[in-house]
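Descriptive analysis of the structure
Residues per chain, in single letters:
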Amino acid sequence: KLLLILMLVSFCTGTFAQGGRTSTSGAIVVTDVNSLLFSNGSNSARATAATATVPGMDVPRIKELVTKVQSSSYLYGGVVKTFGDRPTNLFTDVSSLRSVNSSIESKDNIELVTIRINNASELNSPIDLAAFSNFPNLRYIYFITSLNTTSDAIARNITNYADRFNLLYKIDRGDRNK
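Keep in mind it's a predicted model, so treat the numbers as computed, not measured. (Residues numbered from 1 in each chain as written. Predicted model: local features only at pLDDT ≥ 70, side-chain atom pairs only at ≥ 80, totals over all residues. Heavy atoms only, no water.)

Digging into helix α4 (residues 59–67)
Three or more residues of α4 are buried, namely V59, R61, I62 and L65. Burial along α4 is one-sided: seen end-on, the buried residues are contained in an arc of 160 degrees. (Buried < 20%, exposed > 50% of the residue type's maximum accessible area, 1.4 Å probe, protein only. Helix = DSSP H or I, 4+ residues; strand = E, 2+ residues; numbered from the N terminus. Arc of directions from axis to C-beta.)

Shown next, in the form of structure tokens:
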């Protein structure tokens, strides 16, 4: 009986441990979008390596969503603005996350949410991804900040992570012309 109980506990522990998209160390994976999409060298080799380490990544689609003009909704300070029909992108910030579900009406086509992290307080506050539970086609959540941070610092504050989400980040200091 003891052996049966140990096997059951072992099986259940293994099953629950695989509940989120995590690295082999158990940490949530947040991928640097620049290394994924815009690095020098063999882009196809990098894209293949990235998709091998994070299943579910469609690198050409991510590149299209991030770099091309898309129908989009914007939620900042409780105000929603939508441009185009059937938006595929949603732009917001950490302080607006609590109102995403109630504020955004057109959720069905959103594939990418871009969340701006504006200050250290937002960077260190919980980022609850349950706000996106009613977005059926959402696959990518993309964090942008001008703060010096790491993927680990962002991942530490993620709550209610779901397997269907691929998390990306970018440090954007706005100094491209320098």
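The rest of the description comes next.
Notes on the environment of V113
Position of V113 among the secondary structure elements: in strand β5 (residues 112–117). By relative accessible area, which is 0% here, V113 ends up buried. Between the alpha carbons of V113 and D93 there is a distance of 9.8 Å; along the sequence they are 20 residues apart. Beyond its immediate chain neighbours, meaning those up to four positions away, V113 contacts L90, T92, F132, L138, Y140, I141 and Y142. (Contact = heavy atoms within 4.5 Å.)

A look at the nonpolar core
Of all hydrophobic cores here, the largest spans 27 residues; its most connected members are L90, V100, L129, F132, I141, F143 and L167. Broken down by secondary-structure element, the contributors of at least two residues to this core are β5, β7 (140–145), α7 (151–156) and β9 (166–171). Tallying contributions element by element places β5 first for this core, with three residues. Ignoring any residue separated from it by four or fewer positions in sequence, one finds L90 in contact with S73, Y74, L75, V100, I104, I110, L112, V113, T114, F132 and F135. With twelve residues, the next largest nonpolar core counts M57, V59, I62 and L65 among its residues. (Core = buried A, V, L, I, M, F, W, Y, C linked by side-chain atoms within 4.5 Å.)

Examining the packing of aromatic side chains
What the rule picks out here adds up to three aromatic pairs. Each ring, one from F132 and one from F135, has its centre 5.6 Å from the other, and the planes form 70 degrees; the classification is edge-to-face. Judged by its relative accessible area of 0%, F135 falls in the buried class. One aromatic cluster in this structure is built from Y74, F83 and F91. The ring of F135 carries the charged tip of K107 above its face, separated from the ring centre by 6.0 Å. (Phe/Tyr/Trp six-rings, centres within 6.5 Å; stacked < 30°, edge-to-face > 60°. Lys NZ or Arg CZ within 6 Å of the ring centre and 35° of its normal.)

Focus: the sheet that holds strand β3 (residues 79–83)
The strand order β1-β9-β7-β5-β4-β2-β3 describes an open sheet built from seven strands, whose pairing is mixed. Looking at which strands have only one partner, the edges of the open sheet turn out to be β1 (30–32) and β3. Mean inter-strand twist for the sheet, computed between neighbouring axes without regard to direction, equals 20 degrees. Sheet analysis places strand β2 (residues 72–76) next to β3, joined by five bridges and oriented antiparallel. The residue of β3 that forms the bridge with S72 is F83. (Pairing = 2+ DSSP bridges. Axes fitted to C-alpha atoms, helices over the stretch in contact; angles between N-to-C directions.)

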